[in-house]
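One letter stands for each residue in the lines below.
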Amino acid sequence: MKIVLVAGARPNFVKITPLWSELQKRGLDCAIVHTGQHYDDKMSKTFFKDLQLPEPDIHLGVGSGSHAEQTGKIMIEFEKVCFRLKPDLVIVVGDVNSTAASALAAAKLCIPVAHVEAGLRSFDRSMPEEINRILTDHISDYLFTTCEDANKNLRQEGIPASKIFFVGNVMIDTLKQFFKLAEKSNILDELRLKKDGKLSKYAVLTLHRPSNVDQEEVLKGIFSALKRLSKRIPVIFPAHPRTLERLKSFALDSMVTYVEKLSDRDLKGSEKNVWMMSPLGYIEFLNLMSHASLVLTDSGGIQEETTILGIPCLTLRDNTERPVTVRDGTNMIVGNNPERILSASFDILENGLNGKRIPKFWDGKAADRIVEVLTAKLVT
Ligand code: UD1
């Protein structure tokens, strides 16, 4: 049995890691295909190294482009891979353009497709990811879900129960696998957040969604709130290349202090700042996140990771496709209104969070369950 595992963007690399290990463990023939959607070393290579993944077997090298360009290029290139390798199964993860494009190319060749992290819905079709989720789910043969909400969404869309498998969250498998290693990272010392063994309070920020970063007024509003928050605690901001580019093009980069090298933070004056830096690797970021007083983000995966870490998370969006992180976890949806961001942040800093629960099956064994299902289905 030949399996192809597809990944293209940063969060995909985190999700394929436990799947790849589990397939290896069982001696299954698996090739990793990297679409090249993310190509900067810090968005891609660093992750393969940190996550102890081998070099991809095939690199499609598609790079950036408009949605249609990127999706189209991935389909064309991935179809060639399918012709060449003739896989018995293609596994796709998450909701990025690489996910939908490769699933569509495979499905049209009648190759069975497994979608890991199926069924999540924000019910907001202005998000490109929502289109990718719906499309991928409806053309996949095996739908692996992380929560009951996802099972319900799929059933409501008419997907037969026989295709849905509630298995848990592969992103949490990876977090659990690498947590101890991350604790050994010296990122907190490098950022001068730990001095003489004493940890400072700080917030972590990530921001990259078009709805937050593509309009000048919205981006300016968010950073005006963060600037005010940083008078209370430093805000550490490993920036996505797209956000860095937008801050520069709107001439908003004076609202943050950019540090080329992490140790430069010492040299640039007041602690009270929004400190922007290049994207961090998985291990460094996990350590940084797990000791923060507060995380502000528009990422999907970070809402889940903070839930497991028990770190308060403010999601700078109007909705989430991961409501379980609000109901059971540490997540709160605050949108991008500056006053709301600020008042929610201060509230968390003063009052903390009430007791929270770990969502069902977020236990580090999701990949094991997935491969168990697939082998039972495909080998018989
Ligand atoms: C993509 C996903 C998003 C996911 C995010 C994780 C889609 C539609 N979006 O968004 O769901 O949360 O990845 O990071 O698939 N760029 C670089 N270097 C890179 C990659 C991107 O400079 O290695 C810049 C390019 O200018 C590019 C822009 O970032 O045009 C956006 O990249 P793209 O892959 O289109 O989407 P993301 O915003 O990264």
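Residues numbered from 1 in each chain as written. Predicted model: local features only at pLDDT ≥ 70, side-chain atom pairs only at ≥ 80, totals over all residues. Heavy atoms only, no water.

Enquirer: Can you help me understand the pattern of salt bridges in this one?
Expert: Any two side chains of opposite charge can pair if their charged atoms end up close together. Here the structure, examined in full by the defined rule, presents 25 salt bridges. With a closest N to O distance of 2.6 Å, aspartate 368 and arginine 26 form a salt bridge. Of this pair, aspartate 368 sits in helix H16 (residues 366-379) while arginine 26 sits in the loop between helix H1 (10-25) and strand S2 (29-34), and the two are 342 residues apart along the sequence. For glutamate 321, the salt bridge is made with arginine 317, and the minimal N-O distance between the two is 2.6 Å. Through salt bridges with shared partners, a single ionic network connects Lys15, Asp95, Glu117, Glu130, Arg133, Glu304, Arg317, Glu321 and Arg322. (Salt bridge = Lys/Arg side-chain N within 4 Å of Asp/Glu carboxyl O. Helix = DSSP H or I, 4+ residues; strand = E, 2+ residues; numbered from the N terminus.)

Enquirer: Whenever I open this one, the site of the ligand confuses me. Can you help?
Expert: Lining the immediate surroundings of the ligand are 19 residues, of which Gln37, His38, Asn97, Glu129 and His240 lie closest. Here glutamine 37 contributes a side-chain N or O atom positioned 2.8 Å from an oxygen atom of the ligand. Note that an oxygen atom of the ligand is positioned 2.8 Å from one of the backbone N or O atoms of asparagine 97. For the ligand, the accessible surface in isolation is 740 Å², of which the surrounding protein chains cover 84%. Because more than half of its atoms lie within 2 Å of the grid, the ligand is assigned to the largest pocket. Broken down by secondary-structure element, the contributors of at least two residues to the shell around the ligand are H1, helix H3 (67-85), helix H5 (128-139) and helix H11 (241-249). A domain split of the shell around the ligand shows at least three residues from each of domain 1 (2-169 + 362-378) and domain 2 (179-351). (Near = heavy atom within 4 Å. Polar contact = N/O pair within 3.5 Å; in protein donor to acceptor, adjacent residues only side chain to side chain. Areas by Shrake-Rupley, 256 points an atom, 1.4 Å probe, with all protein chains shown as cover. 1 Å grid on protein atoms, 1.4 Å probe; cavity = no way out; pocket = protein on both sides within 12 Å on 5 of 7 lines; lining within 4 Å. Sits in = over half its atoms within 2 Å of the grid points. Domains from an automatic or database assignment.)

Enquirer: What am I meant to see in the nonpolar core here?
Expert: Nonpolar side chains in soluble globular proteins tend to end up buried together. Leu19, Ile91, Phe144, Tyr282 and Leu288 are the most contacted members of the largest nonpolar core, which has 66 residues in total. Inspection of this core shows a minimum of three residues originating in each of domain 1 (2-169 + 362-378) and domain 2 (179-351). When sequence neighbours within four positions are dropped, the list of residues in contact with leucine 19 reads Leu5, Ile91, Val93, Val116, Val170, Ala367 and Ile370. Counting 31 residues, the second-largest nonpolar core is a separate cluster that includes Val213, Leu226, Leu316 and Val334. (Core = buried A, V, L, I, M, F, W, Y, C linked by side-chain atoms within 4.5 Å. Buried < 20%, exposed > 50% of the residue type's maximum accessible area, 1.4 Å probe, protein only. Contact = heavy atoms within 4.5 Å.)

Enquirer: Looking at this model, I keep getting lost on unusual backbone geometry. Mind explaining?
Expert: The phi torsion at arginine 192 lies on the positive side, around 60°, for a residue other than glycine. The backbone of phenylalanine 361 shows a phi angle near 70°, a positive value even though the residue is not glycine. Counting through the fold element by element, phenylalanine 361 comes out in the loop between helix H15 (338-351) and H16. The exposure class of phenylalanine 361 is partly exposed, given its relative accessible area of 27%.

Enquirer: Help me understand the sheet that holds strand S4 (residues 89-93) in this model?
Expert: Strand pairing in a sheet relies on backbone hydrogen bonds. The paired strands run either parallel or antiparallel. One open sheet accounts for seven strands, arranged S3-S2-S1-S4-S5-S6-S7; its pairing is parallel. The open sheet terminates on both sides in strands that have one partner only, identified here as strand S3 (58-59) and strand S7 (164-166). Pairing analysis gives six bridges linking strand S1 (residues 2-7) to S2, with the strands arranged parallel. Paired with isoleucine 3 across the two strands is cysteine 30, which belongs to S2. Sitting on the sheet, H16 touches S4, strand S5 (113-118), strand S6 (142-145) and S7, and the angle it makes with S6 is about 165°. (Pairing = 2+ DSSP bridges. Axes fitted to C-alpha atoms, helices over the stretch in contact; angles between N-to-C directions.)

Enquirer: Looking at this model, I keep getting lost on the layout of surface pockets. Mind explaining?
Expert: If you roll a probe as big as a water molecule over the atoms, it shows you where there is empty space left. Its boundaries defined by the atoms lining it, the largest pocket holds a volume of some 1200 Å³. The wall of the largest pocket is formed by 50 residues, among which Pro11, His38, Met43, His208 and His240 lie closest to the centre. Elements represented by at least two residues in the lining of the largest pocket include exactly H1, H3, H5, H11, helix H12 (282-290) and helix H13 (301-309). In terms of residue count, H1 provides more of the lining of the largest pocket than any other element does, five residues in total. A class-by-class count of the residues in the lining of the largest pocket yields 21 nonpolar, 18 polar and eleven charged. Viewed by domain, the lining of the largest pocket spans two of them, domain 1 (2-169 + 362-378) and domain 2 (179-351), each represented by three or more residues. One number sums up the size of the second largest pocket: a volume of about 260 Å³. Every residue lining the second largest pocket is counted, 14 residues in all, and those nearest its centre are Asp124, Ser126, Met127, Arg209 and Ser211. (Points joined across faces, edges and corners; volume = space filled by probe spheres on them. Nonpolar A, V, L, I, M, F, W, Y, C, P; charged D, E, K, R; others polar.)

Enquirer: Honestly, the side chain of aspartate 50 in this entry has me stumped. Any pointers?
Expert: On the secondary structure map, aspartate 50 appears in helix H2 (residues 45-50). Lysine 49 provides the closest opposite charge to the buried, unpaired aspartate 50, separated from it by 4.9 Å. Contacts of aspartate 50, omitting those with residues within four sequence positions, involve Phe178, Gly281, Tyr282 and Ile283. (Lys, Arg positive; Asp, Glu negative; His and termini not counted.)

Enquirer: Where do I start with the packing of helix H7 (residues 170-183) against H12 in this structure?
Expert: Two packed helices can be described by the angle between their axes and the distance between those axes. Closest axis-to-axis distance for the H7/H12 pair is 9 Å, and the angle between their directions is 85°. The pairing of H7 with H12 is recorded here as roughly perpendicular in orientation. In this structure, H7 uses Thr174, Leu175, Phe178, Phe179, Leu181, Ala182 and Glu183 to contact H12, whose residues at the interface are Tyr282, Ile283, Leu286, Asn287 and Ser290. (Parallel < 35°, antiparallel > 145°, perpendicular 65-115°, else oblique.)

Enquirer: Can you help me understand the pairing of S6 in this one?
Expert: Taken residue by residue, a regular strand's side chains alternate between the two faces of the sheet. Burial of the side chains of S6 extends over both faces: Tyr142 and Phe144 are buried on one face and Leu143 and Thr145 on the other. In this structure, S5 lies alongside S6, joined through four bridges in parallel fashion. Along S6, the bridge assignment pairs alanine 118 with threonine 145. The parallel pair S5 and S6, bridged by H5, forms a crossover whose chirality is right-handed. Relative to S7, S6 is paired through three bridges, and the arrangement is parallel. In the strand pairing of S7, threonine 145 is matched with phenylalanine 166. Handedness of the crossover joining S6 and S7 through helix H6 (residues 148-156) is recorded here as right-handed. (Right-handed = clockwise from strand over helix to strand, strands pointing away.)

The quantities given are spatial measurements derived from coordinates; they are silent on function.
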